Amino acid sequence: MEFDDIETIAVLGAGNMGHGIAEVAALAGYEVNLRDIKEEFVQNGYDQIEWSLEKLAEKEQITQEEADAAIDRVTPYVDVEDAVGDVDVVIEAVPEKMDIKKDVYGDVEQYLPEEAIVATNTSSLSITELSEVTERPEQFCGMHFFNPPVRMQLVEVISGAHSSEETLQATEDLAEAFGKTPVRVHKDSPGFIVNRILVPLMNEACWMVSEDAATIEEIDSATKFDLGLPMGAFELGDQVGNDVTYHVLEYMNEVLGEAYEPAPFLEQIVEEERFGKKTGEGFYDYENGDGADIPTDAGTDEIEARLLAVMANEVGNLVGGDVSNPRDIDEAVMLGAGFPDGPAKLADDHGLASLESTISELYEEQGHPRFEVSDALREAADEGGFHASGDDEDVVEFTNIEVYKPDEYDYVGHIVLSREARMNTISPDLMEELGEAIEMLEDDDEVRAVLLTGKGDRAFSAGADVTSMAASADPLEAIKLSRQGQETFGKLESSPMPIVAGIDGYALGGGMELSMCADMRIASKRSELGQPELDLGLLPGWGGTQRLKHIVGEGRAKEIILTAERYDAETMYDYGFVNEVVENDEFEERAFELVAQLAGGPPIAQELTKKAMLKGREDTDAGLEVESHAFGHLINTDDLMTGITAFMGDGEPEFEGK
Ligand SMILES: C/C=C/C(=O)SCCNC(=O)CCNC(=O)[C@H](O)C(C)(C)COP(=O)(O)OP(=O)(O)OC[C@H]1O[C@@H](n2cnc3c(N)ncnc32)[C@H](O)[C@@H]1OP(=O)(O)O
């Protein structure tokens, strides 16, 4: 089955994951047969889809017409033959029990067209074993969505021992058509990528408590505020369900060995049926206590290093076991678990050699197999980090942004802020990469104008990543961060090339400040802009207090900053902040059209125009001085001749920047 031939999809199981996947597929334009074993189950799934689509329409993330069209594409079924008799792909999302899944495949295959792909949404079972009960193991693979599928960006596409490349490619293409980011898991291994990082992390947290090496509060404080992860390790455990973590660990222990032995403290919690939020009590008490009330400053360097070392070793195990590579691991964990940076990057930043020493010392002290240093960790530490060697020397690798030179447009560069799961928020690493990308594009003779957008259609950028800010309350660090933003964004402002900010979705706080440094701003109708910093007890610290007034005037700038309100795109157009507002579905085309138009302009005149205007902001005489010198300079350029010749001949000038 090739991707282009896929039209109809059967989703088996109308529970949480099943109806979520069905909704995603229907939104992407596929006909969806939603099947469950009882009328009431399938009806409930259908009702949930309807409810969720209404919510998306209410929040204006989709139009009412799109919601209506999507629900019309979903047909509920109980009868297996009717559900799968004429489909191209089956996505199975029935309960996580080997026997149930095997029975389902038996039922389905007697009616399923020969060329159809079967993808399982299992989060823990062996893809190879599941594939072997079907008669089409090469047309079988894993397609692991995260909960809730409508919101979560990641799909792990897992190769079983028999999966064909054609099947894997079609499944990845399908995930992309769903608007998701597929990450290939090259080998069927328990936990795939994301759970293989998270579950040992939670287990290690429990080991530390078992050994009296640290308390729950200290460990969660280190996880959340020192490492900057979205939740403390125990908080995460309670969220996931401690019984679930325990079962996954048992399975890892069985397949991968003693390194995955569940910690005694975890065992005890599960025995006491303290499964987490769902039972009202886990590591924290949600019914009679305050829940996960995590102190900001109780972490220690030792805890941080030990947790990072265990994660780094797990990255090494995944790389060494040919399951994945550091770049894909980082992307998967950022998208699937909301980490601000992936585990390989976090470990590199901390210093991989020192983490190798940490884990080696733990092995010497305790001799437990989970501290056995993986070969891949050792090698990466010798080379200076997981990301130090680089897969391809000619390609500049960015983790937080993407940089393109689209073939369809001449002289256009495109920078995409790509932390989609976090609303493209700006972390210090993203900032650094952005600075590098601007310099790289400025040095590139094939780029004369740049479009800056955010990945996806929810946000240009929701501002500074407040989780990475919360990790440090040091005033000197904050001053440094503010200066870093002012300077990096200033690079855009003073870039010789025209820069367009393409805003589709939220442009808030630092995101709006970033767009301020572009020369023009184009926004989709659904966009919302604002400076909410004062609501957080902060102020716009990346240039907003100074730059905004030059675009909208001081009165409006004060209104925007002091009220901390969110404004729709039309209002921001009226205020003069946004140059053009376009229909949502025309946004991308129009943004590229605009930047391509600017890229066709005379480079030297553009550079000098920007320079004169910037110089004249505070000192009109100085600006006028630059203007007159620039005028003198331009008189001698080939571009002037090109422009005048084209004007006389009624043609389009082709400027060369000479
Ligand atoms: C010097 C510069 C300073 C600053 O820039 S300060 C920051 C200024 N920005 C803000 O205050 C915006 C904060 N964000 C929001 O108000 C909301 O978000 C939105 C209105 C943008 C979207 O709301 P909704 O559609 O309900 O989505 P969601 O569940 O809130 O966000 C999706 C995920 O994105 C994370 N996220 C959003 N904004 C930030 C942020 N600024 N820093 C860190 N994470 C952020 C969330 O937590 C969540 O993540 P999970 O799915 O893991 O829960």
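Cut-off values and rules
- Residues numbered from 1 in each chain as written.
- Predicted model: local features only at pLDDT ≥ 70, side-chain atom pairs only at ≥ 80, totals over all residues.
- Heavy atoms only, no water.
- Salt bridge = Lys/Arg side-chain N within 4 Å of Asp/Glu carboxyl O.
- Helix = DSSP H or I, 4+ residues; strand = E, 2+ residues; numbered from the N terminus.
- Buried < 20%, exposed > 50% of the residue type's maximum accessible area, 1.4 Å probe, protein only.
- Lys, Arg positive; Asp, Glu negative; His and termini not counted.
- Contact = heavy atoms within 4.5 Å.
- Near = heavy atom within 4 Å.
- Polar contact = N/O pair within 3.5 Å; in protein donor to acceptor, adjacent residues only side chain to side chain.
- Areas by Shrake-Rupley, 256 points an atom, 1.4 Å probe, with all protein chains shown as cover.
- Core = buried A, V, L, I, M, F, W, Y, C linked by side-chain atoms within 4.5 Å.
- Domains from an automatic or database assignment.
- Patch = residues over 30% accessible without salt bridge, like charges linked within 9 Å, V, L, I, M, F, W, Y side chains within 5 Å.
- Charge placed at Lys NZ, Arg CZ, Asp CG, Glu CD.
- Pairing = 2+ DSSP bridges.
- Axes fitted to C-alpha atoms, helices over the stretch in contact; angles between N-to-C directions.
- Expected span 1.5 Å × (residues − 1).

1. Observations concerning the pattern of salt bridges
So, point 1. Across all of its chains, the model carries 37 salt bridges by this definition.
So, point 2. Linking Lys525 and Glu583 is a salt bridge whose minimum nitrogen-to-oxygen distance equals 2.8 Å. Pair noted here: Lys525 is in the loop between β15 (520-524) and β16 (528-530) and Glu583 is in the loop between β18 (580-582) and α25 (587-599), with a separation of 58 residues, a long-range link.
So, point 3. Through salt bridges with shared partners, a single ionic network connects Glu204, Glu211, Arg306 and Arg370.

2. Side note on the side chain of Asp330
So, point 1. Assignment of secondary structure puts Asp330 in helix α14 (residues 326-337).
So, point 2. Buried charge Asp330 goes without a salt bridge, the closest partner of opposite sign being Lys345 at 7.5 Å.
So, point 3. When near neighbours in sequence (up to four residues on either side) are disregarded, Asp330 contacts Gly342, Pro343, Ala344, Lys345 and His387.

3. Section: the site of the ligand
So, point 1. What surrounds the ligand is a group of 22 residues, the closest being Arg458, Ala462, Ala464, Val466 and Gly510.
So, point 2. Contact between the ligand and Ala462: a nitrogen atom at 2.9 Å from a main-chain N or O atom of the residue.
So, point 3. In the model, an oxygen atom of the ligand is placed 2.8 Å from a nitrogen or oxygen of the Gly510 main chain.
So, point 4. Contact with the protein chains removes 72% of the 970 Å² of surface that the ligand exposes when unbound.

4. Digging into the nonpolar core
So, point 1. The biggest cluster of nonpolar side chains holds 91 residues, and the ones touching the most others in it are Val84, Ile219 and Phe234.
So, point 2. Inspection of this core shows a minimum of three residues originating in each of domain 1 (3-185) and domain 2 (194-383).
So, point 3. If we skip the residues at most four places from it in the chain, Val84 touches Ala10, Leu12, Val90, Val108, Tyr111, Leu112 and Pro113.
So, point 4. Formed by 43 residues, the second largest nonpolar core is a distinct cluster that contains Leu434, Val552, Ile560 and Val578.

5. Remarks on a negative patch on the surface
So, point 1. Judged by side-chain charge, Asp47, Glu50, Glu54, Glu65, Glu66, Asp68, Asp72, Asp585, Glu586, Glu588 and Glu589 come together as a negatively charged surface patch.
So, point 2. Take the negative patch: its biggest share by element is 4 residues, from helix α3 (residues 64-72).
So, point 3. If you trace the backbone, Glu588 turns up in helix α25.

6. A word on the sheet that holds strand β11 (residues 449-454)
So, point 1. One open sheet holds the 6 strands; their spatial order is β9-β10-β11-β13-β15-β18, and the pairing between them is mixed. Since the sheet does not close on itself, it has two edges, and those belong to β9 (401-404) and β18, each with one partner. In this sheet, adjacent strand axes meet at a mean angle of 20° when their direction is disregarded.
So, point 2. Here β11 runs beside strand β13 (residues 499-503); their pairing, made up of 3 bridges, is parallel. What sits directly across from Leu452, in β13, is Ala501.

7. Description of the environment of Asp36
So, point 1. With respect to the helices and strands, the residue Asp36 is situated in the loop between β2 (31-35) and α2 (39-58).
So, point 2. The class of Asp36 is buried, set by a relative accessible area of 14%.
So, point 3. A C-alpha to C-alpha distance of 5.5 Å links Asp36 and Val78, two positions 42 residues apart in sequence.
So, point 4. A distance of 2.8 Å separates a polar side-chain atom of Asp36 from the backbone nitrogen of Ala14.

8. Some remarks on helix α28 (residues 638-649)
One turn of an α-helix holds 3.6 residues; hence residues three or four places apart share an orientation.
So, point 1. Between its terminal C-alpha atoms α28 stretches 16 Å, which fits the 16 Å expected from 12 residues at 1.5 Å a residue.
So, point 2. Residue Asp650 follows α28 closely and has a positive phi angle near 65°.

9. Structural notes on unusual backbone geometry
Glycine aside, a negative phi is what most residues show, and trans is what most peptide bonds show.
So, point 1. For the peptide bond that leads from Asn147 to Pro148, omega is -5°, which places it in the cis range.
So, point 2. The backbone phi angle of Asp322 is positive, close to 60°, even though this residue is not glycine.
So, point 3. At Asn424, a position not held by glycine, the phi torsion is positive, near 55°.
So, point 4. You can see Asn424 is positioned in the loop between β10 (412-417) and α18 (428-442).

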